[in-house]
Amino acid sequence: MAHGAAYRNAERKIEAALRTWATRLDLSLDHGAEDSLWLTELPESLSRLT
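Small disclaimer: the values here were computed from a predicted structure and weren't measured.

Turning our eyes to something else, we now look at the overall build of the protein chain. Regarding its fold elements, the protein chain presents one helix and zero strands. Within the protein chain, buried positions represent 16% of all 50 residues. When the accessible area of the protein chain is evaluated, it comes to approximately 4300 Å², of which 53% is carbon and sulfur surface.

This is how it looks when you write it as structure tokens:
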């Protein structure tokens, strides 16, 4: 299944959080962002965070 820009952006943020041992993760968008930039599903990589 093809994923949109929001999904890929979330994946990049999650991967960066994993690399840097981040303690917070912000997947929010600016208010008024295009509908195509909204997450419609969570990336599986999110489950790798502890």
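As a further point, take the environment of L29. Looking at where L29 falls in the secondary structure, it is placed in the segment after α1 (5-20). Accessibility expressed as a relative area gives 37% for L29, which makes it partly exposed. For the pair L29 and A6, spaced 23 residues apart in the sequence, the C-alpha separation amounts to 9.0 Å. The contacts of L29, once residues within four sequence positions are left out, are L37 and W38.

What follows covers the environment of A10. Along the chain, the position of A10 falls in helix α1. Along the backbone, A10 and L25 are 15 residues apart, and their C-alpha atoms lie at a distance of 9.6 Å. Aside from chain neighbours lying at most four places away, what touches A10 is L27, L39 and P43.

Another point: the pattern of salt bridges. Scanning all chains against the criterion turns up one salt bridge. Residue R48 is joined to E15 by a salt bridge in which the shortest nitrogen-to-oxygen separation is 3.2 Å. Taken together, the positions of R48 in the segment after α1 and E15 in helix α1 put the pair 33 residues apart, joining distant regions of the chain.

What counts as what
Residues numbered from 1 in each chain as written. Predicted model: local features only at pLDDT ≥ 70, side-chain atom pairs only at ≥ 80, totals over all residues. Heavy atoms only, no water. Helix = DSSP H or I, 4+ residues; strand = E, 2+ residues; numbered from the N terminus. Buried < 20%, exposed > 50% of the residue type's maximum accessible area, 1.4 Å probe, protein only. Areas by Shrake-Rupley, 256 points an atom, 1.4 Å probe, with all protein chains shown as cover. Contact = heavy atoms within 4.5 Å. Salt bridge = Lys/Arg side-chain N within 4 Å of Asp/Glu carboxyl O.

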